[in-house]
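Below are the chains, spelled out letter by letter.
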Amino acid sequence: MGAPNVLLLMTDQQRWDAMGCSGDWVETPNLDRIASEGVQFTNCVTTSPVCIPTRLSLATGLYPHNTGVWNNMNHTMPAETPTWMRAMRDAGYRTSLFGKTHLHPHGGDLREREGLMNAYGLDDVNEIGGPRASANVLSHMAAEWEAKGLWDAYRADYRERFSTKPYLVRPSTLGLENYADVYVGQQAKQYLQNYDRQEPWCCWVSFGGPHEPWDTPEPYASLYDPEAMPPAVPRPSAGERPRGHLDRLMDRMNPAFEPGEIGRLRANYAGNVTLIDAQIGEILDAIAARGELENTVIVHTSDHGEMNGDYGLIYKGNFLNGAVRIPLLVRTPDSTNAGSVCDSPVEWIDIGPTLIEMVGGELVHRQFGKSLCPVLTNPEVTHRDFAISEIQGEIMLLNREWKAALNTDGEVYLLFDVQNDPNEIHNLAGKPEVVDVETALRLQILEWLVQTQLGKPFHR
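(A) Inspection of the overall build of the protein chain at higher detail. Secondary structure summary: the protein chain contains 15 helices and 15 strands in total. The C-alpha radius of gyration of the protein chain comes to 21 Å, within 12% of the 23 Å expected for a compact globule of 460 residues. Structurally, the protein chain occupies a C-alpha span of about 65 × 50 × 40 Å along its principal axes. Taking all 460 residues of the protein chain together, 61% fall into the buried category. When the accessible area of the protein chain is evaluated, it comes to approximately 17,200 Å², of which 49% is carbon and sulfur surface. Placing the 38 positive and 61 negative side-chain charges of the protein chain at their respective mean positions leaves the two points 4 Å apart.

Below, the structure written as structure tokens:
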């Protein structure tokens, strides 16, 4: 076989447990198939539990404390930025992107930014805004909606949703055929069906769902029984401890859920995941029809999770499991460890170096992602002793025993025993019996922070 093709599948706001292979409440037969033919990473942490900083980190291999982008600020990645996509192209690949990147602001007409996307390392581009941005941002997709007379109703629906109840559950005005995730899946499928170049391809398919709003179209909107959805993790009392970003989030976000509403939004969310899974199935079928599936590297992941009512919260933006843990499946032409599970901590910025090593390329810029290739050969090994996530100037560490988060004053304000408290009900921060654990984890985080400043060598 020649050089492998590369398929990077990405969703927006998909929880780590929202797959059949990782939870028991969402049907994802195609993602389950990828897991059964590859390695499933059960402790993958997003570099930042919000969209813009973590997508920038994926592209560059840098952390928010390197980029200075700690939240969803108005940021454009400079055209000359070294990325894994450029390294992929330098390795002889024709690169393509279908869907959302958010590496530049979602405003104006995305079609006018194709030159910028080319500079990032993406040759063939059909970019869309996220679900909210697509009410205002022009793209090939939005232009198609407008031509079909659908865009005005989409905009009106969004205005009404977010002015009354952001967690309203009702089907999209677009219907299934024109829904954004179907558009992205079909555009990628058609591109691969028609691909006739000599270079191997690297196709990045970046769905905008299952990001809120909860507007999955039928028949997927009614696929799941709201009463059969897993219950939300209740919000525990705060206790005596330092405070941080999560506490501020909980102070200002207290949706007045009525009985049954969390079940309804979870059922709609699950329907969106299954809709995307079906699109992934069509893409895999198109690759198989080309006779290329056996020689294709497939990675599936998401930029961050969705709280879906856990702790009384919706959306993301915190260090709790629902927001910070994400799916990661890696399937390679070498099926030696097909169906394996790796529970070592890994980070989402490890994806770029993994893909580049698999194609024989090279990342020449300083970055902190770490190729997963050794773990794919031996899933029993420890890839990282701990994984890191950052938001709003705060830093979280997750190892096999503990999750700890420092606030901006350097105090441990979240501490969970991950083995004995998987639902993160008992925050042990500030308790006298764990002071030694807090001290050790704080020092580990601060040492990591010093050693991952740009210009300093660091190996972990």
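(B) Region of the structure containing the nonpolar core. Ranked by size, the top nonpolar core spans 62 residues in total, and within it F41, W84, M88, W204, L328 and L415 carry the most contacts. Leaving out residues up to four positions away in the same chain, W84 has contacts with L8, L58, A59, C202, W204, G352, L355, I356 and L363. With 40 residues, the next largest nonpolar core counts L7, L31, A35 and A188 among its residues.

(C) Quick peek at the sheet that holds strand β11 (residues 346-347). Pairing in this open sheet of 3 strands is mixed, and the strands run β8-β3-β11 from one edge to the other. The sheet is open, and its two borders are formed by β8 (325-326) and β11, each paired with just one other strand. Bridge count for strand β3 (residues 44-45) against β8 is 2 bridges, and the pairing is antiparallel. Bridge pairing links V45 to R325 in β8.

(D) Local environment of empty space enclosed by the protein. Per the counting criterion, the structure on display carries 3 cavities of 30 Å³ or more. In this structure, the largest cavity occupies an estimated 120 Å³ of space. If you trace the largest cavity, you find 19 residues lining it, with P131, Y154, Y158, Y179 and A180 closest to the centre. Secondary structure elements with two or more residues in the lining of the largest cavity: α6 (140-147), α7 (151-164), α9 (180-194) and β6 (201-210). Grouping the constituent residues of the lining of the largest cavity by class yields 10 nonpolar, 7 polar and 2 charged. Its volume calculated, the second largest cavity comes out at about 50 Å³. Forming the walls of the second largest cavity are L58, A59, T60, G61, T83, W84, I349, G352, P353, L363, H365 and Q367.

(E) Quick peek at helix α11 (residues 261-289). Taking 1.5 Å of rise per residue, the 29 residues of α11 would be expected to cover 42 Å, and the 42 Å separating its terminal C-alpha atoms lies within 8% of that figure. Along α11, 22 of the 29 residues are buried, which leaves the element largely enclosed by surrounding structure.

(F) Here's a closer look at the packing of helix α1 (residues 29-36) against α11. Packing of α1 against α11 brings their axes to within 7 Å, and their N-to-C directions diverge by 60°. When the axis of α1 is compared with that of α11, the two are oblique. Listed contacts from α11 to P29, N30, L31 and I34 of α1 are D277, A278, I280, G281 and L284. Its residues assigned to classes, the contact of α1 with α11 comprises 6 nonpolar, 2 polar and 1 charged.

(G) Seen up close, unusual backbone geometry. In the segment running from G209 into P210, the intervening peptide bond is cis, with an omega of 5°. The backbone phi angle of H102 is positive, close to 60°, even though this residue is not glycine. For H102, a relative accessible area of 15% puts it in the buried group. The phi torsion at Y315 lies on the positive side, around 75°, for a residue other than glycine. Of note, Y315 is situated in the loop between β7 (296-302) and α12 (321-324). Using a relative accessible area of 16% as the deciding quantity, one classes Y315 as buried.

(H) Here's a closer look at the state of the cysteines. On inspection of all chains with the given rule, the structure shows 0 disulfides. Not engaged in a disulfide, the cysteine C51 finds its nearest cysteine sulfur in C44; these two sulfurs lie 16 Å apart. Judged by relative accessible area, which is 4%, C51 ranks as buried. Lacking any disulfide linkage, C203 is separated from the closest cysteine sulfur, that of C202, by 7.6 Å.

(I) Looking closely at the confidence of the model for the protein chain. Taken as a whole, the protein chain shows an average pLDDT of 95; of its residues, 99% reach a score of 70 or greater. Ignoring residues within four places in sequence, the model shows residues 456-460, a span with pLDDT below 50, making 18 contacts including any to other chains.

(J) Layout of the pairing of strand β14 (residues 402-406). In terms of burial, β14 is largely enclosed, as 5 of its 5 residues are buried. Every second residue of β14 is oriented toward a common face, with W402, A404 and L406 on one face and K403 and A405 on the other, all of them buried. Two strands pair when backbone bridges link them, and strand β13 (residues 394-398) and β14 are joined in this way by 4 bridges, in the antiparallel orientation. Looking across to β14, one finds that M396 is bridged to A405. Joining the antiparallel neighbours β13 and β14 is a turn of 3 residues.

What counts as what
Residues numbered from 1 in each chain as written. Predicted model: local features only at pLDDT ≥ 70, side-chain atom pairs only at ≥ 80, totals over all residues. Heavy atoms only, no water. Helix = DSSP H or I, 4+ residues; strand = E, 2+ residues; numbered from the N terminus. Rg over C-alpha atoms; globule rule 2.2 N^0.38 Å. Buried < 20%, exposed > 50% of the residue type's maximum accessible area, 1.4 Å probe, protein only. Areas by Shrake-Rupley, 256 points an atom, 1.4 Å probe, with all protein chains shown as cover. Lys, Arg positive; Asp, Glu negative; His and termini not counted. Charge placed at Lys NZ, Arg CZ, Asp CG, Glu CD. Core = buried A, V, L, I, M, F, W, Y, C linked by side-chain atoms within 4.5 Å. Contact = heavy atoms within 4.5 Å. Pairing = 2+ DSSP bridges. 1 Å grid on protein atoms, 1.4 Å probe; cavity = no way out; pocket = protein on both sides within 12 Å on 5 of 7 lines; lining within 4 Å. Points joined across faces, edges and corners; volume = space filled by probe spheres on them. Nonpolar A, V, L, I, M, F, W, Y, C, P; charged D, E, K, R; others polar. Expected span 1.5 Å × (residues − 1). Axes fitted to C-alpha atoms, helices over the stretch in contact; angles between N-to-C directions. Parallel < 35°, antiparallel > 145°, perpendicular 65-115°, else oblique. Disulfide = S-S within 2.5 Å. pLDDT = per-residue confidence, 0-100.

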